[in-house]
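The residues making up each chain are set out below.
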Amino acid sequence: MEKLFIYNTLSRTKEEFKVINAPFLGMYVCGPTVYSDVHLGNCRTFMSFDLIYRYLIHLGYKVRYVRNVTDAGHLEGDRDEGDDKFAKKAKLMQLEPMEIVQKYTVGFRDIMALLNNLPPSIEPTATGHIIEQQEITKQIIKNGLAYEHNGNVYFDVEKYAKSNNYTVLTNRKLEELLENTRELEGQDDKKGRLDFALWIKAKPEHLMKWPSPWGVGFPGWHIECSAMSTKYLGEQFDIHGGGMDLQATHHTNEIAQNIAYCGKSPANYWLHTNMLTVNGQKMSKSLGNSFLPMELFTGSHPLLAKGFSPMAVRFFMMQTHYRSTLDFSNDALTASEKAYNRLMDSYKVLQSIKASPKSGENVAALERACYEAMNDDFNTPVLIAHLFEAIRMINSAHDKKTALSQADIDLLHKIYQHFVFDVMGLKKEEETGKASTALESVMQLVLELRDKAKANKDFATSDEIRNKLTAANIQVKDGKEGVTWSI
RNA sequence: GGUCCUGUGGCCGAGUGGUUAGGCUCAGCUCUGCAAAAGCUGCUACUCCAGUUCGAACCUGGACGGGACCUCCA
């Protein structure tokens, strides 16, 4: 198996990846909160982990990939006050909370499918694991690291920090954290400023609430991930991931909960994906530069010059490493769209290449380079750079400027299948479905007429046909071995 | 304000103490009836200042810009 190196937030270095129980591999990723349309930044995170999932599968691991759906208990601002996000919106729209959840869960899955993300092995919901969350909370209380007050249960961070490194993920100093945390406001049953809720007492107006040993309430935000990762992947598993915004608070608290619960840190490797910006600025609602995935696909947003297909967007995201910030701009998207089209066109060309007895290219070295790029912390930008070398080989061979043996042609097929389709999860965009067979025959007829005109040196007619087709978004290319066209 | 991360050519983006990233754009050439496509060639960078070094864009310190978290926004 390939030697894989992964950047681990715990050590802040690239480490050689060792699996606890190969070939089985557990991976947990913090999923979306389904109270509104999925944020494009979340899409990038899930696409990054989709790439990782796909590559691990490609390497031969039997991966159980768990990504939760947060459908309850996620308080605004992670403060232990205020309305539950779902209940708030539900009241506003006169809908049941689960109706909201259903609507946005379905919407989320649609977008994920459009972007060709593989579904995770399990997508557990927070509301489906209330009992499990309560059990963990009970055990943490029993272990002396959480306390109940007025129907709320809080995690005792300072007590925990006495015998554990609370800030493993961020390297921050606990004293500094304590100094910098905001003053506590209003109702507060917490002993320490950094304490966070495991269970929250429900106000009468709350719609989503459950009975518990501490009264009627709902779970704190962080406990669901501890409960569900433990249930489906065990007390210790291989990879835990999420966006960088979750690192300091959510993941820090998650580790604390797991250690307080069973004495074990949940994951060996913590992976964090970077954020997304628009024209160099953070994507945020208050700045008005925030657009939805569907708006990106259709181009229906003032900041977008046009729509970009899901696969062009996927390719665009793959051109940036997952730990770098990704900047959205029309220019960058347009450039990627063209590059993606070249990648796909070249695959079409590959189908028609004729083998030569000898090869003028080192395709095996290229394949190795592709693996090495991926083994270096899933470096897709470098992988793509190598794939453009493959494109050069294919196009040159097609133009008879270089030669490829049958073995090399087969290997190029394999490279495309493995890296472009299986690992990066790119695919040919759908061609207009049923209409395409009809269109195919019409185009054949039109191009035959044009060929006749050309044979008669009637270039006026042949150019007119080509120009009108170009205007209709159909590109005609006169190659050495006949005419081809593409939309 | 505090802590952490980051700053690469016209644009986007990898990477490394001394050797071509790659894509897009632009220019030239080849091919072509002309185009388009493709191939080749060129333009060639590392925010600024100081230091370490035989040598730094890559290491160290400082300045300035951007981002994340701490505060509603993924």
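(A) Quick look at the overall build of chain A. Summing up its helical and strand segments, chain A has 16 helices and 15 strands in all. Taken over the C-alpha atoms alone, chain A extends approximately 95 × 50 × 35 Å along its principal axes. Per-residue burial over chain A gives 39% buried out of 487 residues. For chain A, restricting intrachain contacts to residue pairs at least 6 apart in sequence, the fraction spanning at least 24 positions comes to 73%.

(B) Structural context of the nonpolar core. Of all hydrophobic cores here, the largest spans 113 residues; its most connected members are M27, I140, A146, V153, F155, L198 and A256. Take this core: its biggest share by element is 10 residues, from helix α1 (residues 40-58). There are two domains that each give this core at least three residues, and those are domain 1 (5-273) and domain 2 (277-423). When sequence neighbours within four positions are dropped, the list of residues in contact with M27 reads Y53, V63, Y65, D238 and I239.

(C) View of the pairing of strand β6 (residues 152-155). Residues of β6 alternate between two faces, with N152 and Y154 on one and V153 and F155 on the opposite face, all of them buried. Sheet topology note: the strand β5 (residues 146-149)/β6 ladder contains four bridges and is antiparallel. The residue of β6 that forms the bridge with H149 is N152. Taking the residues between adjacent antiparallel strands as the criterion, β5 and β6 are bridged by two residues, where N150 takes a positive phi near 55 degrees. Relative to strand β7 (residues 196-201), β6 is paired through three bridges, and the arrangement is antiparallel.

About the criteria used
Residues numbered from 1 in each chain as written. Chains lettered and ligands numbered in written order. Predicted model: local features only at pLDDT ≥ 70, side-chain atom pairs only at ≥ 80, totals over all residues. Helix = DSSP H or I, 4+ residues; strand = E, 2+ residues; numbered from the N terminus. Buried ≥ 20, exposed ≤ 12 C-beta atoms within 10 Å, placed from the backbone. Contact = placed C-beta atoms within 7 Å. Core = buried A, V, L, I, M, F, W, Y, C linked by C-beta atoms within 7 Å. Domains from an automatic or database assignment. Pairing = 2+ DSSP bridges.

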